[in-house]
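A closer look at the structure
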Amino acid sequence: MHSICFQATGVPGSNYIFDSCSPALAISKPINLRFCGLRKEAFGFSGLTHSSSGRVHFSSRGHSKKVSASAESNGSPPKSFDYDLIIIGAGVGGHGAALHAVEKGLKTAIIEGDVVGGTCVNRGCVPSKALLAVSGKMRELQSEHHMKALGLQVSAAGYDRQGVADHANNLASKIRSNLTNSMKALGVDILTGVGTIVGPQKVKYGKVGFPDNIVTAKNIIIATGSVPFVPKGIEVDGKTVITSDHALKLESVPDWIAIVGSGYIGLEFSDVYTALGSEVTFIEALDQLMPGFDPEIGKLAQRVLINPRKIDYHTGVFATKITPAKDGKPVIIELIDAKTKEPKDTLEVDAALIATGRAPFTNGLGLENVNVVTQRGFVPVDERLRVIDTNGNLVPHLYCIGDANGKMMLAHAASAQGISVVEQVTGRDHVLNHLSIPAACFTHPEISMVGLTEPQAREKAQKEGFEVGVAKTSFKANTKALAENEGEGLAKLIYRPDNGEILGVHIFGLHAADLIHEASNAIALGTRIQDIKFAVHAHPTLSEVLDELFKSATVKAAASSHGPVSEPVAV
Amino acid sequence: MANVLQTSFLPSTSSLRRRSISGSKGKSQSLQVKAKIREIFMPALSSTMTEGKIVSWMKSEGDKLSKGESVVVVESDKADMDVESFHEGFLAAIMVEEGGVAPVGSAIALLAETEDEIAEAKAKSQSSSNSTPQVVEEKPKQIEEAAPDVPAAAAAPSVPVAKAVTLGSAVHPASEGGKRIVASPYAKKLAKELKVDLGTVVGSGPLGRIVAKDVEAAAVAVPVAASPAKPDPVAPGIELGTVVPFTTMQGAVSRNMVESLSVPTFRVGYTITTNALDALYKKIKSKGVTMTALLAKATALALVQHPVVNSCCRDGNSFTYNSSINIAVAVAIDGGLITPVLQDADKVDIYTLSRKWKELVDKARAKQLQPHEYNTGTFTLSNLGMFGVDRFDAILPPGTGAIMAVGASQPSVVASMDGRIGMKNQMQVNVTADHRVIYGADLAAFLQTLAKIVEDPKDLTF
């Protein structure tokens, strides 16, 4: 998967996903690695704690535990099954699981009540990349200084809004049909309708007004994803007060748009809107913009992505009330101080984009029939993605992947989780190492990261008593970046000097999202700095930024370069 | 909806970031002081820069620096620039805090090679911080090819002036009778840069919101309002009875003016009839052509025929004949003046030249001119005609051969060759030149050519 999906945060635009993990990652223990990113150890990763605000309103299932008793009586596990695996939700997570299941020889069905592709393909990463591709080109064409430095002359750049919107829509359709075809071609049954769990290993599905069908499966994966989270007091009309779902259709380019939340979603849209001529006001609940990023990267990103652009911001404030424009009045936003709760300011803008994160979409799933209660809408799971019921017991044959479990709300994380589950149900025990999953923000230039931020690494180091090393390289020293006249950028490596373990890598610069995989693969495979620094990179390429980064790290001589941990297993 | 974007919208501060300070200046940046503690010097960011102000430190004491990493933002006499480290190490001690001013070449921070030396460097910085000023005296040699900074006579820009500041005088419904100011993010940014008080700006945006063009209009309106109509020399905001130190730019002006005294100059004046030029201007004004661009173009075309007037004397022993004709035009900007350069004014067509001029003025106001946009002039124009000044005399900017002061074009009674008396628009120009390379006859011939071009301006539009 090539793109990020939107990440949920409980607090408007804050709380990067890693805030929640109290990393119990024990990479130092010798293990056998067979698959990239799949680990055998338990990984104490509780995705549920990071939603610190109680504003998600999806907890209505709590009162119906009784039903499960009756469901159990008439829903005793069938002896023969219609399918080996049923996946509820045909997003990127479900798709990844389905493909891998077929590869493993499982008879697989996927239930989708909306459109194949889910959020990522239809309302997230995919169409947003189309818009960002346009904004990147617009930025370049408008940067006369940049053009002149390359010896190019371009007269005034303009755009056709409908044309841009069509590009995004066409891309989504194309990827959607690719996804559908790939599943059909492999023999995955696509069942249309809303899927509901009616008992162990039993799912019903059907369209509204049509009779339900009941199917049975040896194993069930919940992959229902998420929807944009809209805090209380905000009235979304889809025209002037919008979520990412509406914004991606690009029905208008307002002169002035307020973006509530400065996480990935907000940041990417600020890139799009400012390139298309809008002015942007960020509203962020925390005291600084881009709270999820490594502080140093965030600081540089602010210097490049915020300060020189037509953007201003209010930090440490909540938007308590947002009223859409009507009767000739603009959109009105009431702000209160995030700490004192005192009214702070009122803004009047042409439009407001709510980018406060995403809430799990788990309503109506029938979880009560298997005695499961969601926590703020998220389906509780263990580290092997097995669903946990109200008594803290595992529900047999039921798994939950992707945004619905809240562990790491990224499209490719969902897909990796799906693959991990399929591995388990086909007889191989696996635990996914979430710290090896990269994330990216597709601004211009891009931001990408994997593993821990520097403060997180230092905290862990203090707890576990090891030293932290930090190495940095600048894009200004990279030939390819300079050839593109895009020398603005920084790559940062956080590592253990005692054994050469990579704890985190953060990149801000040209094609950062593509560059991160060398680091994420190294983390997934347990490759140490003392080994990877001998890997050769083509010259001149942007990849040399990472080459230089690894080479600039100082690993203590005592660290063996072929310890048991770093030894990759030949497959 | 902004379906067609102005090209000028994007280059903002990012356009100011310099890749690195070029090699020749690099040596003044870091000198090996001790084995492993290096000083970071105030770099020379332009040839006229003698001191710089620290805008902000991007690193704190104790931070590790890589080669090529930005360390500090310095405000020179022209622009803000990032300064990069030329060595690896740790930023051990900051010797000039943010907001502080340091002469070019003086140490502003210490760079330790290893973490262990930070303490040592700190101690060193304390002992030497008292003696920093003496470093200034070591670097007094001004580079001869100094940019033409500033002629004595400031010229107000000839951009369209203060058109309709009161465009949309609707009071914003939510401004609560002026208690609240509603301005777009970019308008706020611009107001800060151009030092415009938003309280005095009337918004023309939706519902009376202040948008960028309102701020720009207000910024242009201010200098005009304070010009000849109101001869009151006391501009608003000046407190009488106080002593106000020069800004960096004013300091540069002052130094250049004093330096100009070492050049033997002389002046030659000429009266040029402008009826034809005025008619041409009227005709093509709607296409965005400005009088400044026309004058620059005419001057450049005259210079093509008189390369010596486009030359300069760098060392006192030789003529330096410049390969391009770059017309610098003095512009008054807030708190000083600057000379944006119309490069290759002889070759570029008048429409492009006019657009270029507008862009340069916008950039100058936003303090975003690149060094090559203000220090590559080979001949300077200073025009006070729009204020009704009929003649004046300009000081030659160091590093160039000549400057021309242009007065107002005014109706005058003239006797023509055929013995009649008539009314003609006439303008007085007065050239100041370096007599080491440009002699009286050269200027006379140049002015004659210029007068011919202006009086028969068909060549200006090609």
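Every value quoted in this text rests on a predicted model; they were computed, and no experiment measured them.

**Focus on the overall build of chain B**
Secondary structure summary: chain B contains ten helices and 19 strands in total. Each of the 462 residues in chain B was classed as buried or not, and the buried ones make up 51%. For chain B, the share of sequence-separated contacts (at least 6 apart) that also reach a separation of at least 24 residues comes to 66%. Accessible area of chain B: about 21,200 Å², with a carbon and sulfur share of 56%.

**Details of the packing of helix α8 (residues 291–305) of chain B against helix α9 (residues 350–365) of chain B**
All names here are of chain B. Interaxial distance between α8 and α9 falls to 9 Å at its minimum, and their mutual angle equals 125°. By the angle between their axes, α8 is oblique relative to α9. As for the relative orientation of α8 and α9, their crossing is right-handed in sense. For the pair formed by α8 and α9, the contact residues are Thr292, Ala293, Leu294 and Lys297 on the first element and Ile350, Leu353, Ser354 and Trp357 on the second. Within the contact of α8 with α9, the residues separate by chemical class into five nonpolar, two polar and one charged.

**Some points on the packing of helix α4 (residues 125–142) of chain A against helix α6 (residues 161–186) of chain A**
All names here are of chain A. Running from N to C, α4 and α6 cross one another at 140°; their axes reach a closest spacing of 8 Å. As for the relative orientation of α4 and α6, their crossing is right-handed in sense. On α6, the residues that touch Val126, Pro127, Ala130, Leu131 and Val134 of α4 are Val164, His167, Ala168, Leu171, Ala172 and Ile175. Within the contact of α4 with α6, the residues separate by chemical class into ten nonpolar, one polar and no charged.

**Structural notes on the sheet that holds strand β12 (residues 311–315) of chain A**
One open sheet accounts for five strands, arranged β9-β16-β10-β11-β12 (chain A); its pairing is parallel. Either end of the sheet is taken by a strand with one partner, and the two such strands are β9 (241–243) and β12 of chain A. Shown here is a sheet whose adjacent strand axes are inclined to one another by a mean of 20°, direction ignored. Here strand β11 (residues 279–284) of chain A runs beside β12 of chain A; their pairing, made up of five bridges, is parallel. Counterpart to Phe282 of chain A in the pairing with β12 of chain A is Tyr313 of chain A. Set on the sheet, helix α4 (residues 185–194) of chain B makes contact with β10 (256–260), β11 and β12 of chain A; between it and β11 of chain A the angle comes to about 95°.

**Observations regarding the sheet that holds strand β14 (residues 331–337) of chain A**
Residues and elements named next belong to chain A. The strand order β13-β14-β15 describes an open sheet built from three strands, whose pairing is antiparallel. Edge positions in the open sheet fall to β13 (317–323) and β15 (343–349), since each of these has one partner strand only. Taking each pair of neighbouring strands and ignoring which way they run, the sheet shows an average axis angle of 25°. When β13 meets β14, the two strands line up antiparallel, connected through six bridges. Within β14, the position partnered with Ile322 by the bridge is Ile333.

**Considerations on the UniProt feature "domain: Peripheral subunit-binding (PSBD)" (unreviewed entry) in chain B**
Here the UniProt feature "domain: Peripheral subunit-binding (PSBD)" (unreviewed entry) sits at residues 182–219 of chain B. Annotated as 47% helix and 0% strand, the span residues 182–219 of chain B places its first and last C-alpha atoms 18 Å apart.

**As for the interface of chain A and chain B**
In this complex, chain A contributes 46 residues to the contact, which on the side of chain B involves 42 residues. Both sides of the chain A and chain B interface together cover about 3,700 Å² of buried area, and 48% of this is carbon and sulfur. Our count for the chain A to chain B interface comes out at ten residue pairs in polar contact (both at pLDDT 80 or more). Listing elements by their share of the side of chain A that touches chain B, those giving two or more residues are α4, α5 (144–149), α8 (264–275), β11, α9 (295–306), β12, β15 and β23 (469–474) of chain A. Considering each element in turn, the side of chain A that touches chain B owes the most residues, four residues, to α9 of chain A. Of the residues belonging to the side of chain A that touches chain B, the class tally is 16 nonpolar, 13 polar and 17 charged.

**Here we look at helix α10 (residues 440–455) of chain B**
In this model, α10 of chain B (16 residues) spans 22 Å end to end at C-alpha, consistent with the 22 Å of a helix rising 1.5 Å per residue. Buried residues along α10 of chain B sit in contact with β10 (265–273), α7 (275–284), α8, β17 (379–383), β18 (402–415) and β19 (421–434) of chain B.

**So, the side chain of Ser415 of chain A**
Within the secondary structure, Ser415 of chain A is located in helix α10 (residues 411–425). In contact with Ser415 of chain A, not counting residues within four places along its chain, are Val92, Gly93 and Gly96 of chain A.

**Observations concerning the side chain of Ser311 of chain B**
Within the secondary structure, Ser311 of chain B is located in strand β11 (residues 311–312). Setting aside anything within four residues of it in sequence, one finds Ser311 of chain B in contact with Phe319, Thr320, Tyr321, Asn322, Thr400, Gly401, Val437 and Ile438 of chain B.

**Quick word on the confidence of the model for chain B**
Confidence in the prediction for chain B averages 76 pLDDT; 75% of positions are at 70 or higher. Confidence metrics for the complex model read pTM 0.59 and ipTM 0.74.

**Considerations on helix α14 (residues 517–525) of chain A**
If you check which residues of α14 of chain A are buried, you get Ala519, Ser520, Ala522, Ile523 and Ala524 of chain A. In the segment just after α14 of chain A, Gly526 of chain A is the residue with positive phi, at about 70°.

**Brief notes about the pattern of salt bridges**
All names here are of chain A. All chains considered together, the criterion is met by 38 salt bridges over all chains. With a closest N to O distance of 2.9 Å, Arg309 and Asp271 form a salt bridge. Of the two residues, Arg309 sits in the loop between α9 and β12 while Asp271 sits in helix α8, which places them 38 residues apart along the sequence. There is no split in this pair, since Arg309 and Asp271 are both buried.

Calculation rules
Residues numbered from 1 in each chain as written. Chains lettered and ligands numbered in written order. Predicted model: local features only at pLDDT ≥ 70, side-chain atom pairs only at ≥ 80, totals over all residues. Heavy atoms only, no water. Helix = DSSP H or I, 4+ residues; strand = E, 2+ residues; numbered from the N terminus. Buried < 20%, exposed > 50% of the residue type's maximum accessible area, 1.4 Å probe, protein only. Contact = heavy atoms within 4.5 Å. Areas by Shrake-Rupley, 256 points an atom, 1.4 Å probe, with all protein chains shown as cover. Axes fitted to C-alpha atoms, helices over the stretch in contact; angles between N-to-C directions. Parallel < 35°, antiparallel > 145°, perpendicular 65-115°, else oblique. Left-handed = near helix turned anticlockwise from the far one by under 90°. Nonpolar A, V, L, I, M, F, W, Y, C, P; charged D, E, K, R; others polar. Pairing = 2+ DSSP bridges. UniProt positions renumbered as here; feature names shortened; annotations may be inferred. Buried area = accessible area lost by both parts, 1.4 Å probe. Polar contact = N/O pair within 3.5 Å; in protein donor to acceptor, adjacent residues only side chain to side chain. Expected span 1.5 Å × (residues − 1). pLDDT = per-residue confidence, 0-100. Salt bridge = Lys/Arg side-chain N within 4 Å of Asp/Glu carboxyl O.

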